[in-house]
Amino acid sequence: MFRIVEGPIDVGALVTGAFRPDCGAVATFVGTTRVDSSSGASVEYLEYEAYRPMADRKLEEIGAEIEERWEVKHVSIVHRLGRVEAGEPSVVIAVASPRRGPAFEASRYAIERIKETVPIWKREVWSDGYVWVGSQTGTRSPA
Amino acid sequence: MFRIVEGPIDVGALVTGAFRPDCGAVATFVGTTRVDSSSGASVEYLEYEAYRPMADRKLEEIGAEIEERWEVKHVSIVHRLGRVEAGEPSVVIAVASPRRGPAFEASRYAIERIKETVPIWKREVWSDGYVWVGSQTGTRSPA
Amino acid sequence: MDGVKVLLFGAAADQAGTRQTELPVDNEATIGDLWSALADQHPGLTPMRDILAFAVNGEYARAEDKVSPGDEVAVLPPVSGG
Amino acid sequence: MDGVKVLLFGAAADQAGTRQTELPVDNEATIGDLWSALADQHPGLTPMRDILAFAVNGEYARAEDKVSPGDEVAVLPPVSGG
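Residues numbered from 1 in each chain as written. Chains lettered and ligands numbered in written order. Predicted model: local features only at pLDDT ≥ 70, side-chain atom pairs only at ≥ 80, totals over all residues. Heavy atoms only, no water.

Q: Explain the pattern of salt bridges to me, please; I cannot follow it from the model alone.
A: Following the criterion strictly, the structure yields 34 salt bridges over all chains and no others. Put simply, Glu47 of chain B and Arg123 of chain B hold a salt bridge, and the shortest N to O gap is 3.3 Å. With Glu47 of chain B in strand 4 (residues 41-50) and Arg123 of chain B in strand 8 (residues 120-126), this residue pair connects regions lying 76 residues apart in the sequence. Judged by relative accessible area, Glu47 of chain B falls into the partly exposed class, the value being 25%. What makes Arg123 of chain B buried here is its relative accessible area of 18%. A salt bridge links Asp65 of chain D to Arg62 of chain D; the shortest N-O distance between them is 3.2 Å. With a relative accessible area of 52%, Arg62 of chain D lands in the exposed category. (Salt bridge = Lys/Arg side-chain N within 4 Å of Asp/Glu carboxyl O. Helix = DSSP H or I, 4+ residues; strand = E, 2+ residues; numbered from the N terminus. Buried < 20%, exposed > 50% of the residue type's maximum accessible area, 1.4 Å probe, protein only.)

And the structure:
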């Protein structure tokens with residue numbers, strides 16, 4: 001299941017939805033908003049945008065790559081858009097496999113590929129302006 | 001939080017309980033009962049027992065080893081005892097770290113160490129007898 | 001339509017001052033040609049050239065790839081999902 | 001008490017036919033000595049010797065480690081949690 005959503009992600013349902021009697025291992029990864037701070041300012045929240053439906057299709061492609069490379073029985077990836085508060089999940093990956101090695105490897109692969117190929121962008125909104133992560137431009141004056 | 005329990009594990013609460021504003025990554029691992037089958041018989045459930053409180057202390061030691069080796073801010077390990085049905089979780093690990101590399105490595109380390117050092121044993125209860133995993137003895141006639 | 005729709009995202013939308021525009025293309029035009037016209041129209045984009053990627057109709061494309069009237073072209077800063 | 005409490009787990013409890021027993025020990029006794037007495041009492045355990053580990057008072061111990069009256073000794077088949 002590959003989905004881009006605008007509201008909070010039900011992490012528990014995504015993880016338990018990966019349990020299967022033919023699998024012994026479920027590895028999951030959750031990306032959460034981390035509050036950075038420097039010289040008196042700090043990150044207040046993150047804001048995500050996507051180029052859709054290309055981003056949806058790229059998530060599905062990552063799922064297909066994983067199923068080609070590893071023995072997995074279930075892959076879910078959900079990415080959130082819009083404003084995400086500190087400590088909240090922006091992306092959740094859940095992979096089930098008969099054995100734990102493939103589950104760990106595939107979940108790691110999923111997040112690395114998301115960061116390489118899926119057209120989604122985040123800006124850090126600080127108390128004194130914002131910064132587009134990756135482009136390093138925005139309204140915040142350089143440190 | 002390191003705990004050995006006799007009933008179902010609330011996986012969602014364990015995962016979301018690892019979210020923190022100073023962390024960007026939560027990696028989790030869930031071990032679930034896999035239904036194996038061979039020559040007409042199949043696994044019906046797993047049954048776990050532990051040597052307590054040694055097993056509790058060994059889980060805590062794994063947590064301490066992880067905090068020594070990686071920059072992690074949260075480690076939870078919960079292991080279930082007793083009868084665990086097909087597809088149900090027997091162990092849940094959740095690790096939060098500022099960055100994803102340590103989160104993945106630490107969660108993998110946790111399950112490998114559990115399988116090496118924590119005095120917990122499982123038997124596979126098949127339709128035609130049981131087998132102690134690791135000892136390869138039980139009431140089931142050898143294949 | 002004898003032009004292409006151009007969508008801009010993230011820092012590129014900021015620098016251009018718009019999230020969408022249209023540009024005329026002829027039949028032999030490439031992404032590179034389109035970029036030149038886009039940068040003329042929105043000079044704030046010029047310094048981003050080296051970090052930008054492009055997509056045509058939802059798939060990554062290179063500077064030498066052709067674009068045709070009716071295509072949707074997206075201007076993509078380095079992705080930063082996750 | 002002038003003996004030790006011996007706890008058996010998993011396949012070892014099966015093979016011994018019990019989960020707990022008591023054995024007398026003298027002051028110079030080792031885990032190895034205790035094992036000999038245990039295997040005499042429960043010969044079903046003998047074939048498991050090479051795969052068994054031991055703990056004294058909740059910590060892993062080797063065959064040459066000492067045991068004293070009042071200790072709790074555990075007989076541990078290969079662990080298989082997870």
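Q: Just to check I follow, could you spell out the sheet that holds strand 1 (residues 3-8) of chain C for this structure?
A: The strands that make up a sheet are held in pairs by hydrogen bonds between backbone atoms, and each pair lies either parallel or antiparallel. Residues and elements named next belong to chain C. Taken in spatial order, the 5 strands make up an open sheet running 2-1-5-3-4, and their pairing is mixed. Whereas interior strands pair on both sides, the edge strands pair on one side only; in this sheet they are strand 2 (20-24) and strand 4 (59-61). The average undirected angle you get between the axes of adjacent strands in this sheet is 35 degrees. When strand 3 (residues 53-56) meets strand 5 (residues 72-76), the two strands line up antiparallel, connected through 4 bridges. Pairing of Ala55 across the sheet is with Ala74, part of strand 5. Relative to strand 2, helix 2 (residues 31-41) is tilted by about 120 degrees, and along the sheet it contacts strand 1, strand 2, strand 3, strand 4 and strand 5. (Pairing = 2+ DSSP bridges. Axes fitted to C-alpha atoms, helices over the stretch in contact; angles between N-to-C directions. Contact = heavy atoms within 4.5 Å.)

Q: Where do I start with the pairing of strand 8 (residues 120-126) of chain A in this structure?
A: Residue and element names in this part refer to chain A. Judged by how many residues are buried, strand 8 sits mostly within the fold: 6 of 7 residues are covered. By the bridge criterion, 7 bridges tie strand 4 (residues 41-50) to strand 8 in an arrangement that is antiparallel. Paired with Glu47 across the bridge in strand 8 is Arg123. Pairing of strand 8 with strand 9 (residues 129-132) involves 4 bridges; the strand directions are antiparallel. From the neighbouring strand, Trp126 faces strand 9, where its bridge partner is Gly129. Taking the residues that link successive antiparallel strands as the turn, the strand 8-strand 9 hairpin has 2 residues.

Q: In this structure, what is going on with the interface of chain D and chain B? I would like to understand it.
A: How big an interface is tends to be stated in terms of the accessible area lost upon association of its parts. Tallying the contact residues gives 22 residues for chain D and 27 residues for chain B. The junction of chain D with chain B conceals about 1,900 Å² of combined surface from both sides, 52% of it contributed by carbon and sulfur atoms. Sorting the residues of chain D by area buried against chain B places Val79, Ser80 and Gly82 of chain D first, and these three jointly supply 31% of that buried surface. Remark: the boundary between chain D and chain B carries 2 salt bridges. Linking Arg19 of chain D and Glu49 of chain B is a salt bridge whose minimum nitrogen-to-oxygen distance equals 2.9 Å. Here chain D is connected to chain B by 19 residue pairs in polar contact (both at pLDDT 80 or more). Residue assignment for the side of chain D that touches chain B shows that the elements contributing at least two residues are helix 1 (10-16), strand 4 (59-61) and strand 5 (72-76) of chain D. Counted by class, the side of chain D that touches chain B contains 12 nonpolar, 6 polar and 4 charged residues. (Buried area = accessible area lost by both parts, 1.4 Å probe. Polar contact = N/O pair within 3.5 Å; in protein donor to acceptor, adjacent residues only side chain to side chain. Nonpolar A, V, L, I, M, F, W, Y, C, P; charged D, E, K, R; others polar.)

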